[in-house]
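This is what each chain is made of:
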Amino acid sequence: MNTLTIFSGNSNPDLARKVCDSLNIPLGKCEVGKFSDGEIKVHITENIRGKDVFVVQPTCVPANDNLMELLIIMDAAMRASAKRITAVLPYFGYARQDRKDKPRVPITAKLVANLLERAGADRILTIDLHAAQVQGFFDIPFDHLFAVSLFSEYFKDKVDEDWVVVAPDVGGTKMARAYAKRFNSGLAIVDKRRVSDEKAEAMHIMGEVKGKNVIIVDDIIATAGSLVEAAAALKKNGVKDIYVAATHAVLCGPAIERIEKSDIKEVVVTDTIPLGQEKRIRRIKQLSVAHILGEAIKRIHNEETISELFAL
Ligand code: R5P
């Protein structure tokens with residue numbers, strides 16, 4: 001592993017350090033700061049000629065700074081003659097604008113794909129993309145991992161065939177089905193309508209939920225509008241306890257207040273995005289994806305198959 005180097009920007013250095021710990025290697029030496037006018041300043045302070053470089057940098061809030069840091073670190077690595085550069089985005093920001101759903105809007109997921117490639121990425125590694133087809137926006141290898149094994153391990157002693165896994169919208173059905181298969185439990189789908197960026201409405205519940213414990217699975221909790229609407233609709237339909245497994249804890253705007261006021265018993269998220277102090281409430285539990293990323297990085301570096309890490 002002496003040719004493998006992992007760098008981090010400022011978006012989630014704790015996760016990058018944990019990934020390095022899982023691989024028993026030190027974090028690569030790289031200074032990422034700002035010039036006095038606010039522009040991002042990067043200096044890789046070790047020799048990386050011929051090295052297999054991985055840059056761990058989720059593009060979460062502040063998304064623009066974190067994305068720019070990632071691009072600039074890769075540019076520095078490319079100019080320092082790294083042999084191969086993998087952009088590791090545990091959370092791939094800007095992915096929700098992945099199609100033109102009305103006139104005169106951008107497709108930011110494609111724009112970010114272009115930027116990553118132009119900045120020097122030779123491959124991409126990410127977890128639980130908002131929409132799997134974003135992979136097709138790239139013309140370089142793309143490894144898309146899932147957090148399902150992490151959540152199913154956490155819930156395995158709790159959930160049984162008497163529980164129901166719930167997709168909070170139709171788009172989440174495939175992922176929810178994967179969880180239901182693992183838990184050998186039922187499946188229900190919330191027919192959601194998004195009213196605005198912060199507000200969603202749950203129209204109907206498809207599937208049998210009355211008298212059951214449920215686990216809502218989602219890729220992202222942003223404002224928690226989708227989540228609390230789904231939880232309220234499920235309560236109205238007579239469910240018992242409500243749990244949540246969601247990979248990316250964006251948790252912006254009213255999210256924490258909404259979760260605290262809701263009937264949800266526990267929200268389990270991962271550390272793809274750091275949880276600030278104000279988000280560390282009793283009901284939110286955080287699991288680490290470090291060993292999943294570490295294992296994938298090790299296998300990519302050793303040119304080994306990682307397909308079993310993709311298993312849904
Ligand atoms: C929607 O398609 C996603 O899977 C999430 O449900 C959504 O992005 C969460 O956003 P919010 O928490 O603001 O409702």
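1. Focus on the domain arrangement of the chain
Point 1. Per the domain assignment, the segments of the chain are domain 1 (4-146 + 290-310) and domain 2 (148-287).
Point 2. Using C-alpha coordinates to define each centre, domain 1 is positioned 27 Å away from domain 2.
Point 3. With 17 residues of domain 1 at the interface, the matching set in domain 2 holds 14 residues.
Point 4. Here domain 1 meets domain 2 over a buried area of about 1,300 Å², counting both sides, of which 59% is carbon and sulfur.
Point 5. Remark: the boundary between domain 1 and domain 2 carries one salt bridge.

2. Observations regarding the site of the ligand
Point 1. Neighbouring the ligand are 14 residues, the closest being D218, D219, T223, A224 and S226.
Point 2. A distance of 2.8 Å separates an oxygen atom of the ligand from a polar atom in the backbone of A222.
Point 3. At a separation of 2.5 Å, an oxygen atom of the ligand approaches a polar side-chain atom of S226.
Point 4. Here the ligand has 380 Å² of accessible area as a free molecule, and 91% of this is covered by the chains.
Point 5. Of all the elements in the fold, those that place two or more residues in the shell around the ligand are β9 (186-194), β11 (214-221) and α6 (225-236).
Point 6. A total of four residues in the shell around the ligand trace back to one element, the largest contributor, which is β11.
Point 7. Looking at the shell around the ligand, its residues break down into four nonpolar, four polar and six charged.

3. Brief notes about the side chain of T126
Point 1. Turning to its location among the elements, T126 is positioned in strand β6 (residues 123-127).
Point 2. Of the residues examined, T126 reaches a relative accessible area of 0% and is grouped as buried.
Point 3. Filtering out sequence-adjacent residues up to four positions away, T126 remains in contact with L89, P90, F92, F142, D143, H144 and L145.

4. As for the packing of aromatic side chains
Point 1. Counted under the stated rule, the structure contains seven aromatic pairs.
Point 2. Between the aromatic rings of F151 and Y179, the centroid separation amounts to 6.4 Å while the plane-to-plane angle is 45°, which identifies the pairing as tilted. Taken together, the residues F151 in helix α4 (residues 148-155) and Y179 in helix α5 (residues 173-183) connect sequence positions 28 residues apart. Of the two residues, F151 and Y179, both sit in the buried class.
Point 3. Between F155 and Y243 the ring centres are 6.1 Å apart and the planes differ by 85°, which places this aromatic pair in the edge-to-face class. In this pair, F155 is assigned in helix α4 and Y243 in strand β12 (residues 242-249), connecting sequence segments 88 residues apart. Neither residue differs from the other here; F155 and Y243 are each classed as buried.
Point 4. A connected cluster of aromatic rings, assembled from ring pairs, spans Y154, F155, W163 and Y243.

5. A short note on the side chain of H144
Point 1. When you line up the elements, H144 lands in strand β7 (residues 142-145).
Point 2. In this structure H144 comes out as buried when scored by relative accessible area, which is 7%.
Point 3. At a separation of 3.5 Å, a polar atom in the side chain of H144 contacts the main-chain amide nitrogen of D128.
Point 4. Once residues within four sequence positions are removed from consideration, H144 is found in contact with T126, I127, D128, L129, A132, Q135 and F310.

6. Observations concerning the sheet that holds strand β1 (residues 4-8)
Point 1. Taken in spatial order, the five strands of this open sheet run β1-β4-β5-β6-β7, and their pairing is parallel. Two strands in the sheet have a free side with no partner beyond their single neighbour: β1 and β7. Mean inter-strand twist for the sheet, computed between neighbouring axes without regard to direction, equals 20°.
Point 2. Summarising the sheet, strand β4 (residues 52-56) and strand β5 (residues 84-89) pair through five bridges and their orientation is parallel. When the bridges of β5 are listed, V55 appears paired with A87.
Point 3. Where helix α1 (residues 13-23) meets the sheet, its contacts fall on β1 and β4, and the angle it forms with β1 comes to roughly 160°.

Parameters and conventions
- Residues numbered from 1 in each chain as written.
- Predicted model: local features only at pLDDT ≥ 70, side-chain atom pairs only at ≥ 80, totals over all residues.
- Heavy atoms only, no water.
- Domains from an automatic or database assignment.
- Contact = heavy atoms within 4.5 Å.
- Buried area = accessible area lost by both parts, 1.4 Å probe.
- Salt bridge = Lys/Arg side-chain N within 4 Å of Asp/Glu carboxyl O.
- Near = heavy atom within 4 Å.
- Polar contact = N/O pair within 3.5 Å; in protein donor to acceptor, adjacent residues only side chain to side chain.
- Areas by Shrake-Rupley, 256 points an atom, 1.4 Å probe, with all protein chains shown as cover.
- Helix = DSSP H or I, 4+ residues; strand = E, 2+ residues; numbered from the N terminus.
- Nonpolar A, V, L, I, M, F, W, Y, C, P; charged D, E, K, R; others polar.
- Buried < 20%, exposed > 50% of the residue type's maximum accessible area, 1.4 Å probe, protein only.
- Phe/Tyr/Trp six-rings, centres within 6.5 Å; stacked < 30°, edge-to-face > 60°.
- Pairing = 2+ DSSP bridges.
- Axes fitted to C-alpha atoms, helices over the stretch in contact; angles between N-to-C directions.

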